[in-house]
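This is what each chain is made of:
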Amino acid sequence: MAITQNNRPAPTLIFIFGGSGDLNYRKLTPALFNLYLDDWMPERFSIMGLARTEISAEKYKAHLLEGVKNFSRRKEVKKEDWKKFSDSISYIQMDAGEEAAYEKIAASVKKHEKEWGGHPNVIFYLAVAPQLVPIITKHLGKLNICADTKCSRIVIEKPFGHDFKSAHDLNALLTQTFDEKQIYRIDHYLGKETVQNILALRFANALFEPIWNRSYIDHVQITAAETVGVEGRGGYYETAGALRDMVQNHILQLLCMIAMEAPVSFNDDEIRNKKVDVLNAIRPIPVEEIQDFAVRGQYGPGWIKGEKVPGYRQEKNVDPNSPVETFAAVKFYIDNWRWQGVPFYVRTGKCLNEKSTIITLQFRPAPHYAFPSEAAESWRPNRLTISIQPEMDIRIRFQAKRPGQGMILSPVDMIFNYEEAYHDHSPEAYETLLLDVMEGDATLFMRADQVEAAWKVIEPILHVWGTRTPVDFPNYSPGSWGPEDAEALIARDGHNWITLPAPHQE
Ligand code: BG6
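Residues numbered from 1 in each chain as written. Predicted model: local features only at pLDDT ≥ 70, side-chain atom pairs only at ≥ 80, totals over all residues. Heavy atoms only, no water.

Draft legend 1. Representation of a negative patch on the surface. Where like charges cluster on the molecular surface, the negative patch consists of D472, E484, D485 and E487. Considering the arrangement of structural elements, one finds D485 in helix α15 (residues 484-491). (Patch = residues over 30% accessible without salt bridge, like charges linked within 9 Å, V, L, I, M, F, W, Y side chains within 5 Å. Areas by Shrake-Rupley, 256 points an atom, 1.4 Å probe, with all protein chains shown as cover. Salt bridge = Lys/Arg side-chain N within 4 Å of Asp/Glu carboxyl O. Lys, Arg positive; Asp, Glu negative; His and termini not counted. Charge placed at Lys NZ, Arg CZ, Asp CG, Glu CD. Helix = DSSP H or I, 4+ residues; strand = E, 2+ residues; numbered from the N terminus.)

The following block contains the structure:
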């Protein structure tokens, strides 16, 4: 996490494998361009897109510019800014499977060393299909530059493995070439401003920490809902499903941010140690009890906000009888001193009613209400809700007396809203994460043991869902909040899923 702007990163070379792909087009180049406009890029940098496609450097840059125009948070691109920035972009046509092609990388590093008069940071960004990661890593390993543990880094996108074993094997393979300190495993949720702010909320204030435990908190909920379907990624999604795609990584990381103990320092390993402690403390769900703790769903055809959408099984590259879940809800317990007995309910899904990622901590009821029984229709416990996106706010719900005669109580929200409080634009997650890689700060990246511990958490569910074919799919309509079983999962404990009030109700 970059703290101040006084020190720009050292001169840096960025090699993007999958340079002509979607991730670079939508996320990486727009993020790097924004870092450049905000003066965070190194004084000297060079970005090389690597891919098999035959394309001239000019056409390649024109393609990237189109991505910037369509996907950057800045809506306007000044010609002269893009010109200056893109002078540092080049394209290397190569087949990642061909060992000899890697000489082009070695030559490019040498050339820059000569021009810049020193050894730069060298970042290899693997924005490629997972099956290419082993072969690229193996070939990179033969280049001397990778042995430089201080300056050379490799960035790996998700999915990181398919289950515990494959993640473990991938870690073993990566560490044959790179030291753990050189490996940056991305979970883009950790780069979101609102997610980083959880650390500030919890550990920069004296107010919350004393009540942040089983004595005061009744339960925690995490919802990551999307209105989109699989957006043409049916082929990938068929190998993943909601549990792998969202729970194993993003949602468990959010859970860790909420549940971790206070770090002693902002050292990357210190923070990651605290998160691993949480993952290791999550109670393994016995295989024979999975149905009481986890619910899966798949959307059928229907409508979202007046628009007709195909069912998951009708999406391109999806098996017409696919058993893959597009919705998952799970109840976790964390067996440690702080959280014993406090359920953590998480849910995520595609084609749901709204796009919304929120975390809610529901507090226990007040121990005694001295008010007359007619003072409130029902007593609402206090709640702290952290809206990660698209709303960016933190709200605390408490009871207040309605103005007027008599003692009539109703719940109200006290809201901290990012846009109102700060007028600066929030950087995109990829901006933060790319800057951190350039600065060599791994705090917001997943360490090997973290990824493996997260796979272990969901392994029993994967096992049961993988061996028992769902008989009721599709079991929810687009535009709903998922299958009924998900409501039952939480209702059995006397709770209901919390959503943000629509703006007009506030
Ligand atoms: C990705 C998943 O990791 O996160 C996608 O593969 C999902 O399926 C996306 O749509 C959600 O990210 P965000 O930032 O839009 O919440």
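Draft legend 2. Local environment of the site of the ligand. As a structural note, the neighbourhood of the ligand is formed by K158, H188, Y189, K192, E226, R233, D245, M246, H250, K350, K355 and Q389. K350 has a polar side-chain atom sitting 2.7 Å from an oxygen atom of the ligand. K355 places a polar side-chain atom, nitrogen or oxygen, 3.0 Å from an oxygen atom of the ligand. Burial of the ligand by the protein amounts to 82% of the accessible area it has alone, namely 400 Å². The element that contributes the greatest number of residues to the shell around the ligand is helix α9 (residues 242-259), accounting for 3 residues. (Near = heavy atom within 4 Å. Polar contact = N/O pair within 3.5 Å; in protein donor to acceptor, adjacent residues only side chain to side chain.)

Draft legend 3. Local environment of empty space enclosed by the protein. Under the defined criterion, the tally for this structure stands at 2 cavities of 30 Å³ or more. Approximately 110 Å³ is the volume found for the largest cavity. If you go around the largest cavity, the residues you meet are I156, E157, K158, P159, F160, R185, I186, D187, Q248, N249, M446 and V451. For the lining of the largest cavity, the per-class residue count stands at 6 nonpolar, 2 polar and 4 charged. Lining the second largest cavity are L126, V128, A129, P130, V133, I156, E157, K158, P159 and L170. When its residues are assigned to classes, the lining of the second largest cavity shows 8 nonpolar, no polar and 2 charged. (1 Å grid on protein atoms, 1.4 Å probe; cavity = no way out; pocket = protein on both sides within 12 Å on 5 of 7 lines; lining within 4 Å. Points joined across faces, edges and corners; volume = space filled by probe spheres on them. Nonpolar A, V, L, I, M, F, W, Y, C, P; charged D, E, K, R; others polar.)

Draft legend 4. Region of the structure containing the sheet that holds strand β3 (residues 89-93). Strand order in the open sheet formed by 6 strands is β3-β2-β1-β4-β5-β6, with parallel pairing between adjacent strands. The outermost strands of the open sheet, each flanked by one partner alone, are β3 and β6 (183-185). The sheet shows a mean angle of 20 degrees between the axes of neighbouring strands, direction not considered. As paired strands, strand β1 (residues 12-17) and strand β2 (residues 45-51) are joined by 6 bridges and run parallel to one another. (Pairing = 2+ DSSP bridges. Axes fitted to C-alpha atoms, helices over the stretch in contact; angles between N-to-C directions.)

Draft legend 5. Layout of the sheet that holds strand β12 (residues 344-349). Taken together, 8 strands build an open sheet; the order of strands is β8-β11-β12-β7-β13-β14-β15-β16 and the sheet is mixed. A single partner strand is all that each edge strand has here, and the edge strands are β8 (294-297) and β16 (409-417). Across this sheet, the average inter-strand angle for adjacent strands is 15 degrees, counted without regard to direction. Pairing of strand β7 (residues 217-225) with β12, which is carried by 6 bridges, proceeds in the parallel orientation. Opposite Q221, over in β12, you have Y345 as the bridge partner. Strand contacts of helix α7 (residues 193-203): β13 (356-363), β14 (383-389), β15 (393-401) and β16, with the helix running at about 145 degrees to β14, the strand carrying the most contacts. Contacting β7, β11 (327-332), β12, β13 and β14, α9 runs over the sheet at an angle of about 145 degrees to β12. (Contact = heavy atoms within 4.5 Å.)

Draft legend 6. View of the side chain of D441. Tracing the chain through its elements places D441 in the loop between α13 (429-439) and α14 (448-467). Buried D441, no salt bridge; nearest opposite-charge side chain is R272, N-O distance 7.6 Å. Among the polar contacts made by the side chain of D441, one reaches the side chain of T443 at a distance of 2.5 Å. (Buried < 20%, exposed > 50% of the residue type's maximum accessible area, 1.4 Å probe, protein only.)

Draft legend 7. Broad picture of the packing of helix α5 (residues 133-141) against helix α6 (residues 164-177). Viewed as axis vectors pointing N to C, α5 and α6 meet at an angle of 15 degrees, and their least axial separation amounts to 9 Å. Between α5 and α6, the angle is such that the two are roughly parallel. The crossing of α5 and α6 is left-handed. In contact with V133, P134, T137, L140 and G141 of α5, α6 contributes L170, L173, L174 and T177. (Parallel < 35°, antiparallel > 145°, perpendicular 65-115°, else oblique. Left-handed = near helix turned anticlockwise from the far one by under 90°.)

Draft legend 8. Structural context of α6. The terminal C-alpha atoms of α6 lie 21 Å apart, and with 14 residues this matches the ideal 20 Å at 1.5 Å per residue to within 8%. Residues of α6 that are buried: A167, L170, N171 and L174. All buried residues of α6 project into a common sector of 105 degrees when viewed along the axis, lining one side. Exposed positions of α6 whose direction lies more than 90 degrees from the buried face are K165 and Q176. Along its buried surface, α6 packs onto α5, β5 (152-156), β6 and α14. (Expected span 1.5 Å × (residues − 1). Arc of directions from axis to C-beta.)

Draft legend 9. Representation of the pattern of salt bridges in the model. According to the stated counting rule, one finds 26 salt bridges in the structure shown. Across the pair R8 and D39 runs a salt bridge, and its minimum N-O distance is 3.7 Å. One end of the pair, R8, is in the segment before β1; the other, D39, is in the loop between α1 (22-37) and β2, and 31 residues separate them in sequence. Of the residues examined, R8 reaches a relative accessible area of 33% and is grouped as partly exposed. Given a relative accessible area of 42%, D39 falls into the partly exposed group. Two residues, E209 and R202, come together in a salt bridge whose shortest N-O distance is 3.2 Å. Assessed through its relative accessible area of 0%, R202 is described here as buried. It is possible to trace a salt-bridge network through shared partners that takes in K181, D269, R272, R447 and D449.

Draft legend 10. Main features of the environment of H112. Of note, H112 is situated in helix α4 (residues 103-116). Residue H112 is classed as buried on the basis of its relative accessible area, which comes to 6%. Setting aside its immediate chain neighbours within four residues, H112 contacts L13, S46, M48 and G117.

Draft legend 11. Local environment of the nonpolar core. With 149 residues, the main nonpolar core has F17, I105, F124, L140 and F332 as its most contacted residues. Among the elements that take part in this core, α9 stands out by supplying 12 residues, more than any other. (Core = buried A, V, L, I, M, F, W, Y, C linked by side-chain atoms within 4.5 Å.)

Draft legend 12. Structural context of the packing of aromatic side chains. Counting across every chain of the model gives 24 aromatic pairs. Taking the centre distance of 6.2 Å and the plane angle of 65 degrees together, the rings of Y299 and Y476 count as edge-to-face. One end of the pair, Y299, is in the loop between β8 and β9 (302-304); the other, Y476, is in the loop between α14 and α15, and 177 residues separate them in sequence. Neither Y299 nor Y476 differs from the other in exposure class; each is buried. Both rings, one in Y418 and one in Y422, keep their centres 6.5 Å apart while their planes meet at 55 degrees; by these two values the pair is tilted. Cluster of aromatic residues (ring-pair linked, three or more members): Y236, Y237, Y299, Y312, F327 and Y476. Positioned over the ring face of Y189 is K192, at 4.6 Å from the centre of the ring. In this structure, K331 packs its charged tip against the face of F293, placed 5.4 Å from the ring centre. (Phe/Tyr/Trp six-rings, centres within 6.5 Å; stacked < 30°, edge-to-face > 60°. Lys NZ or Arg CZ within 6 Å of the ring centre and 35° of its normal.)

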